[in-house]
Amino acid sequence: MLDLGGTEGPWWFFWLIVVAQGAGALAVLLGAVAYLTYAERRVMASMQLRRGPNVVGPFGLLQPMADGVKLIFKQILIPQAVNVPLFLGAAVLTFFLALAAWAVVPVNAGWVLADLNLGVLYLLAISSFGVYGIILAGWASNSKYPFLGGLRSAAQMVSYEVATGLVLVTVLLQAGSLNLSHIVEAQRGGVGHWFIASLLFPMFIVFFIAGLAETNRHPFDLPEGESELVGGFHTEYSSMPFALFFLGEYANMILVSAFATTLFLGGWLPPLQALAFIPGPLWFAAKVGACLFVFLWARATLPRYRYDQLMRIGWQRLLPFTLVWVVLVAAVGLAQGTLPGG
Amino acid sequence: MPADLFFYPLALGLLGAGTLVIAARNPVYAVLALIVCFLNGAGLLILMGAEFLGFMLLIVYVGAVAVLFLFVVMMLGVDEQRDVRRGFLKPVGFALAMGGLLFAQMGAVAWLWPTVSPGGPSDARAETAASLAQDGGLQALGRTLYTDYALPFQMGGLILLVAMIGAVILTLHARGKTAARRQDPRDQVRVRREDVVQLCSPPSGQGIAP
């Protein structure tokens, strides 16, 4: 909750610090989002033996700026039959939620905007709102293809959230806390103590697959599905409203990677104690970058699933497997007496 | 007082959105107002220190239940969406009775609450307060649900399971076992070239028998 007592100086000083911290975090995040789009094009280009963007600036490094300027100066087209407040609100909501979730992600010991005790639940709550941006965009567009995209996405995100929730249960059974900083601290002691190196390794895979599905990334990008649905839920969007969806999707990718890093890869902790001289945020960034690379790799490699395959993977494969694994992790914890509080 | 600063906007938002849920002409707006209701309610719970309940309200109701409401309402045709308020006042007596019952039950619980806990009134209050201060009510809630009320909790789960099985059976039955179209990925993978490819040169004007 709000702790206004412990701060030195007048009340506005406290608020100023909070706002400055938030603005700083957002600036870093938006920079990362911009260069993730560049990285995606370069990585996929080299995987497909192409060059990718290499003209604007040295190595094409100014390409994201050029894209941003282009999107800002385009005319905003609003089709006649759309529900204007919801049409624009959906784009704003998607972008807002993708940024709001970052308040609880710790990038170093104590480096977190809001050190919530229930940080995991906060992240889960924010990510479960994400579906509204897409479903409302589909409905407010008042057009067939966006509507189909919105419906697909609603079913898809709700389905994969169930598996994600159960994966979180297994992590919590090991860490004994819902505070993200505490979860990272529970993995202290080198790469052998990270949760990915324990019984939870299959859960990391499940979490990553569900993360692909929840961010609507390949091979689960059916809400967009260019070959069937034109542009999916954002068919009718142009210019900045479209850019908000686009940036939101990439910010969500970084968020899922950061979440996976925190839960399974030891957050800001170094893999070996001998490497502890490298500051934590760099380790955090490196691990998030490695996860993001797999996102891009999957997009360059895998074909899109059919919708019934998507549903089968979610409900008939991931969910039962995760459920069994929850029981297994709990049983092993009980036998070894390592369950939190037990 | 920061608490007051947040309480009144949240409470007013809750009441306003609640009114809009039943007053909105467009059912999609009604569901959106319901979501705003949940958000404000969760805000109030978090303000009280019951953070776990607040987040659960968000995850379960906003994240799943309201999505399904929106899903169904969005699929209504334009004619069905035109005015959901027709016949609005018909069941008012029933609604008042149910509302009265609900409030009576809540009042009874609030009145009797300190004595229903097995540890005695002061014990339960102290434990809840300590747990609220420490972890947002997580421990007190878990202990109560899984020890004192384990059986009713399990029965609640079973009732939900029955409802779920009922829904599955309804759809299976309505379509009939043969009418349901299924895709078996194992069959799809096992297909061989001989099963699906036939090379032939059909004579002009005659074609081939299927």
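One can find the structure itself at the top, above this paragraph.
Residues numbered from 1 in each chain as written. Chains lettered and ligands numbered in written order. Predicted model: local features only at pLDDT ≥ 70, side-chain atom pairs only at ≥ 80, totals over all residues. Heavy atoms only, no water.

A. Representation of a nonpolar patch on the surface in the model. Residues and elements named next belong to chain A. Nonpolar side chains collect at one region of the surface, where W11, W12, F13, W15, L16, I17 and V18 lie side by side and expose about 740 Å² of accessible area between them. Mapped onto the elements of the fold, W11 is located in helix 1 (residues 11-47). The class for W11 is exposed, based on a relative accessible area of 64%. (Patch = residues over 30% accessible without salt bridge, like charges linked within 9 Å, V, L, I, M, F, W, Y side chains within 5 Å. Areas by Shrake-Rupley, 256 points an atom, 1.4 Å probe, with all protein chains shown as cover. Salt bridge = Lys/Arg side-chain N within 4 Å of Asp/Glu carboxyl O. Helix = DSSP H or I, 4+ residues; strand = E, 2+ residues; numbered from the N terminus. Buried < 20%, exposed > 50% of the residue type's maximum accessible area, 1.4 Å probe, protein only.)

B. Inspection of the interface of chain A and chain B at higher detail. Listed by partner, the interface residues are 29 residues for chain A and 31 residues for chain B. Between chain A and chain B, a total of about 2500 Å² is buried, with carbon and sulfur atoms accounting for 76% of that surface. Between the two partners, chain A and chain B, sit zero salt bridges. Between chain A and chain B we count four residue pairs in polar contact (both at pLDDT 80 or more) in total. Listing elements by their share of the side of chain A that touches chain B, those giving two or more residues are helix 4 (119-140), helix 5 (144-175) and helix 11 (307-336) of chain A. If one sorts the elements of the side of chain A that touches chain B by residue count, helix 4 of chain A sits on top with 11 residues. (Contact = heavy atoms within 4.5 Å. Buried area = accessible area lost by both parts, 1.4 Å probe. Polar contact = N/O pair within 3.5 Å; in protein donor to acceptor, adjacent residues only side chain to side chain.)

C. Quick look at empty space enclosed by the protein. Residues and elements named next belong to chain A. This structure, assessed with the given rule, holds two cavities of 30 Å³ or more. Approximately 430 Å³ is the volume attributed to the largest cavity. Looking at the largest cavity, it is lined by 26 residues, and the ones nearest its centre are S127, E214, T215, N252 and V256. Mapped by element, the contributors of at least two residues to the lining of the largest cavity are helix 3 (84-100), helix 4, helix 5, helix 7 (201-214) and helix 9 (239-264). By residue number, the principal contributor to the lining of the largest cavity is helix 9, which donates seven residues. Per-class residue counts for the lining of the largest cavity are 15 nonpolar, nine polar and two charged. Here the second largest cavity defines a volume of roughly 40 Å³. In this structure, the second largest cavity is lined by V104, P106, V112, A114, D115, L116, G119, N179, L180 and S181. (1 Å grid on protein atoms, 1.4 Å probe; cavity = no way out; pocket = protein on both sides within 12 Å on 5 of 7 lines; lining within 4 Å. Points joined across faces, edges and corners; volume = space filled by probe spheres on them. Nonpolar A, V, L, I, M, F, W, Y, C, P; charged D, E, K, R; others polar.)

D. Seen up close, the pattern of salt bridges. Residues and elements named next belong to chain A. Inspection of every chain in the model, using the stated rule, returns nine salt bridges over all chains. Among the salt bridges present, the one from R188 reaches E185, with a minimum N-O distance of 2.9 Å. Measuring nitrogen to oxygen at the nearest pair gives 3.0 Å for the salt bridge that ties E249 to R217. Of this pair, E249 sits in helix 9 while R217 is found in the loop between helix 7 and helix 8 (226-229), placing the two residues 32 residues apart along the sequence. Each member of the pair, E249 together with R217, is buried. Three or more residues are tied together by salt bridges with common partners; here these are E40, R217, E249 and R299.

E. Main features of the packing of helix 5 of chain A against helix 7 of chain A. Residues and elements named next belong to chain A. In the contact formed by helix 5 and helix 7, the axes pass within 9 Å of each other and the chain directions differ by 155°. Taken together, the axis directions place helix 5 and helix 7 in an arrangement best described as roughly antiparallel. Considering only the axes of helix 5 and helix 7, their crossing is left-handed. On the side of helix 5, the interface is formed by Q156, M157, Y160, E161, T164, V167, L168 and T170, while helix 7 contributes M203, V206, F207, A210, A213 and E214. Residues of the contact of helix 5 with helix 7, tallied by class, amount to nine nonpolar, three polar and two charged. (Axes fitted to C-alpha atoms, helices over the stretch in contact; angles between N-to-C directions. Parallel < 35°, antiparallel > 145°, perpendicular 65-115°, else oblique. Left-handed = near helix turned anticlockwise from the far one by under 90°.)

Geometric values such as these leave the question of function open.
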